[in-house]
Amino acid sequence: MTITQPDRAHLFRSLHTPSAPLALANAWDVASARVIEAAGAPAIATTSAGVAWSLGSPDGDLLDRDRALKVIGRIVAAVAVPVTADIEGGYGRDAADVAETVSGVLAAGVVGVNIEDGTRPPVELATRLATARETADRAGADLFLNARIDTFLFGLGDPDTRLEETLTRARMYVDAGADGVFVPGLTDAATISALARGISVPLNVMAGAGAPTVGELGALGVARVSLGPGVAQVAYTAARRAAQQLFATGDYASLADGMAFPELDALFSEPH
């Protein structure tokens, strides 16, 4: 049976629930996506930072759109589960560029995108979200728009009013067409709970070492938990450790924890 983009999109939407939050270990290429899928992932999210690094570019809206779309398309084609793509600010200078990017990711078969405000004025992201929604609607596609708010990640504004500013932005973005709100840079339970209560759509947070568990975040009202660039950072740390050992001591002890060659190779023996 052929699974269509609308089928995947419907499934993806249904996974956003605090009773069992959608846990996403973000991928950056086909190999990482296949490994994550084989580990039991119900969906795959890309990390824009990881994709950029793998292509020799720094993160931060500097990667060429076409290069990013090619990676996203390969990931979608390589896995059976729904894929949501991190497209940074939309890979463009204005709303027209965002429309072109969204058309590209829809053609690749994604079911969702993250679009971030960063240090832009909030009204600019609202315009980009509205354009993304209009583009998806014109294409007859079900696209989960996840609006990323960077107030806490970048420490924007007055700390005393940061929570209210985040809620204000969230309401603006939902009015513009966002289906979810992503607030990275948070681990404080009281703040996360306040955001979950104050936002009318599924709340997504980014987790890492020391953060509450997925279950604990769900109890606070979180519906989606992402690891962001964390998995890619761990992978590159492993590469650095192996290289440093080789060059410093001439031994290979760090390779002992690697996936077995047959297990990894088998993930690519047949197309999905």
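What this report covers is the structure whose coordinates are included nearby. Bear in mind the structure is a predicted one, so any value in this text is a computation, not a measurement. Per chain, the residues get numbers from 1 upward, laid out in the order the sequence is written. Local features are withheld for residues below a pLDDT of 70 in this predicted model, meaning they are given only at 70 or higher, and side-chain atom pairs are given and counted only at 80 or more; totals for whole chains, interfaces and linings count all residues. Side-chain measures were taken over the full set of non-hydrogen atoms in the model, leaving aside hydrogen atoms and water.

The axes used here are C-alpha line fits, helices contributing only the stretch in contact, and every angle between their N-to-C directions lies in the interval 0 to 180 degrees. What counts as a helix is a DSSP run of H or I of at least four residues, what counts as a strand is a run of E of at least two, and both are numbered from the N terminus. Running from N to C, helix H2 (residues 30–38) and helix H4 (residues 65–78) cross one another at 35°; their axes reach a closest spacing of 9 Å. Between H2 and H4 lies a crossing whose hand is right-handed. Here Val 30, Ala 33, Arg 34 and Glu 37 of H2 lie close against H4, whose contacting residues are Arg 74, Ile 75 and Ala 78. The residue makeup of the contact of H2 with H4, split by class, is 4 nonpolar, no polar and 3 charged. Note on convention: near helix rotated counterclockwise from far helix by under a right angle means a left-handed crossing. Clockwise means right-handed. Residues count as neighbours in contact if any of their non-hydrogen atoms are within 4.5 Å of one another. As a working rule, the residues Ala, Val, Leu, Ile, Met, Phe, Trp, Tyr, Cys and Pro are called nonpolar, Asp, Glu, Lys and Arg charged, and the rest polar, with Gly in that last group.

This part is about H2. For H2, the full list of buried residues reads Ser 32, Ala 33, Arg 34, Ile 36 and Glu 37. For H2, the secondary structure elements touched by its buried residues are strand E2 (44–45) and H4. Taking the backbone nitrogen of Ala 31 as reference, a side-chain oxygen 3.4 Å away marks Asp 29 as the first, capping residue of H2. Gly 40 sits one or two residues past H2 and shows a positive phi near 115°. Residue exposure (1.4 Å probe, protein chains only): buried if accessible area is under 20% of the type maximum, exposed if over 50%, otherwise partly exposed. In protein, a polar contact requires one atom able to donate a hydrogen and another able to accept it; more generally it is a pair of N or O atoms within 3.5 Å, and residues adjacent in sequence count only if both atoms are side-chain atoms.

So, about the pairing of strand E5 (residues 144–148). For E5, a buried count of 5 out of 5 residues is recorded, marking the element as mostly surrounded by other parts of the structure. Two strands pair under a simple rule: DSSP has to find at least two bridges between them. The pairing of strand E4 (residues 112–116) with E5 spans 5 bridges and is classified as parallel. Considered in E5, the bridge of Glu 116 is made with Arg 148. When the strands point away from the viewer, a crossover counts as right-handed if the route from the first strand across the helix to the second turns clockwise. Read from E4 through helix H6 (residues 122–139) to E5, the crossover connection turns out right-handed. In this sheet, strand E6 (residues 180–182) lies alongside E5 in parallel orientation, the contact comprising 3 bridges.

A few words now on the nonpolar core. In this structure, Ile 44, Ile 87, Ile 115 and Leu 203 are the most contacted members of the largest nonpolar core, which totals 59 residues. Here the element with the most residues in this core is H4; it accounts for 6 residues. Discounting residues that sit within four places of it in the chain, Ile 115 has contacts with Ile 87, Glu 88, Gly 89, Gly 90, Val 98, Leu 125, Leu 129, Ala 132, Leu 145, Asn 146, Ala 147 and Arg 148. Residues Leu 15, Leu 22, Val 111 and Phe 144 belong to the second largest nonpolar core, which totals 9 residues. Here, the term nonpolar core denotes a set of buried Ala, Val, Leu, Ile, Met, Phe, Trp, Tyr and Cys residues that are joined through side-chain atoms within 4.5 Å.

What follows is about the environment of Gly 230. You can see Gly 230 is positioned in helix H10 (residues 230–248). Relative accessible area serves as the criterion here: at 25%, Gly 230 is assigned to the partly exposed category. For Gly 230 and Ile 149, which are 81 residues apart along the polypeptide, the C-alpha to C-alpha distance reads 18 Å.

This next bit is on the packing of helix H5 (residues 95–108) against H6. Between two packed helices, the angle of one axis relative to the other and the distance separating the axes together describe the packing. Orientation of H5 relative to H6, taken along the N-to-C sense of each, is 40°, at an axis distance of 9 Å. The orientation of H5 relative to H6 falls into the category oblique. In this structure, the crossing between H5 and H6 has a hand that is right-handed. Contacts between H5 and H6 involve Ala 95, Val 98, Ala 99, Val 102, Ser 103 and Leu 106 from the former and Thr 127, Arg 128, Thr 131, Ala 132, Thr 135, Ala 136 and Ala 139 from the latter. Class assignment for the residues of the contact of H5 with H6 results in 8 nonpolar, 4 polar and 1 charged. An angle below 35 degrees is treated as roughly parallel, one above 145 as roughly antiparallel, one from 65 to 115 as roughly perpendicular, and anything else as oblique.

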